[in-house]
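Single-letter residue listing:
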Amino acid sequence: MMPFDPVLVVFIAALITAIATGLGAVPFAFAPNMSRGWLGASNAFAAGLMIAASLSLVFEGFMLGPWRTAAGALLGFVLIRMAHRHLDGRKDLHVGELRGADAKKALLIVGVMTIHSFAEGIGVGVAFGGGDDLGIFISSAIALHNVPEGLAIALVLVPRGVS
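Note that the structure is predicted; figures quoted are calculated from it, not measured. (Residues numbered from 1 in each chain as written. Predicted model: local features only at pLDDT ≥ 70, side-chain atom pairs only at ≥ 80, totals over all residues. Heavy atoms only, no water.)

A. Quick peek at the layout of surface pockets. The computed volume of the largest pocket comes to approximately 1800 Å³. The wall of the largest pocket is formed by 34 residues, among which Ser54, Leu57, Val112, His116 and His145 lie closest to the centre. At the level of secondary structure, the elements contributing two or more residues to the lining of the largest pocket comprise helix H3 (36-64), helix H4 (66-88), helix H5 (100-129) and helix H6 (132-157). The volume enclosed by the second largest pocket comes to roughly 180 Å³. Looking at the second largest pocket, the residues that line it are Leu39, Asn43, Lys105, Ile109, Ala152, Leu155, Val156, Pro159 and Arg160. (1 Å grid on protein atoms, 1.4 Å probe; cavity = no way out; pocket = protein on both sides within 12 Å on 5 of 7 lines; lining within 4 Å. Points joined across faces, edges and corners; volume = space filled by probe spheres on them. Helix = DSSP H or I, 4+ residues; strand = E, 2+ residues; numbered from the N terminus.)

Dropping the structure here:
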């Protein structure tokens, strides 16, 4: 039996994590016009899961390297603030059919999640460097975490008319 190409294995694992993000939008395929109550509950669910995951990672990071963790968190905050300020300066901001504040929200969340996904992809590749078991474990954890991320993205876009 011929062994699998390691690059292909990492690619497939990363692809699965990306597909998992799309699963978060599945509820909108069945209910594209959710009530405000369901949108709020869905937003709370997605935010709660992502906050819990973030806090556990920050806690673990502080145990391993508090200064690097603090610097990384501060850098992330600064970059998001810079993007926010840059978008505030745009008077005629539009993305597709979205205009003004709706376009700004969509750009911020999709931009942040896209950059975040690059780091996840690197994490998948690095994890497989520690062996297949670690790679599969980390890829699965990222994939599970990506479902509420996909929901969060859909919650910003779908109610504003994006398909």
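Anyway, onward from the coordinates.
B. Spotlight on the environment of Asn146. On the secondary structure map, Asn146 appears in helix H6. With 123 residues separating them along the chain, Asn146 and Leu23 place their C-alpha atoms 8.4 Å apart. Once residues within four sequence positions are removed from consideration, Asn146 is found in contact with Thr17, Ala18, Ala20, Thr21 and Glu120. For Asn146, the side chain forms a polar contact with the main-chain oxygen of Thr17, separated by 2.9 Å. (Contact = heavy atoms within 4.5 Å. Polar contact = N/O pair within 3.5 Å; in protein donor to acceptor, adjacent residues only side chain to side chain.)

C. Seen up close, H5. Relative to the 44 Å expected for 30 residues at 1.5 Å per residue, H5 spans 44 Å between its end C-alpha atoms, a close match to the ideal helical length. Residues Ala103, Lys104, Ala106, Leu108, Ile109, Met113, Glu120, Val124, Ala127 and Phe128 constitute the buried set of H5. Buried residues in H5 make contact with helix H1 (6-23), H3, H4, strand S1 (94-95), strand S2 (98-99) and H6. At the exit of H5 stands Gly131, carrying a positive phi of roughly 120 degrees. (Expected span 1.5 Å × (residues − 1). Buried < 20%, exposed > 50% of the residue type's maximum accessible area, 1.4 Å probe, protein only.)

D. The arrangement of the packing of H3 against H6 in detail. Between H3 and H6, the shortest axis-to-axis distance is 9 Å and the interhelical angle comes to 140 degrees. It follows from the interaxial angle that H3 and H6 lie oblique. Of the two possible hands of crossing, H3 and H6 adopt the one that is left-handed. Where H3 approaches H6, its residues Leu39, Ser42, Asn43, Phe45, Ala46, Leu49, Met50 and Ala53 are matched on the opposing element by His145, Pro148, Glu149, Leu151, Ala152 and Leu155. Partitioned by chemical class, the residues of the contact of H3 with H6 number 10 nonpolar, three polar and one charged. (Axes fitted to C-alpha atoms, helices over the stretch in contact; angles between N-to-C directions. Parallel < 35°, antiparallel > 145°, perpendicular 65-115°, else oblique. Left-handed = near helix turned anticlockwise from the far one by under 90°. Nonpolar A, V, L, I, M, F, W, Y, C, P; charged D, E, K, R; others polar.)

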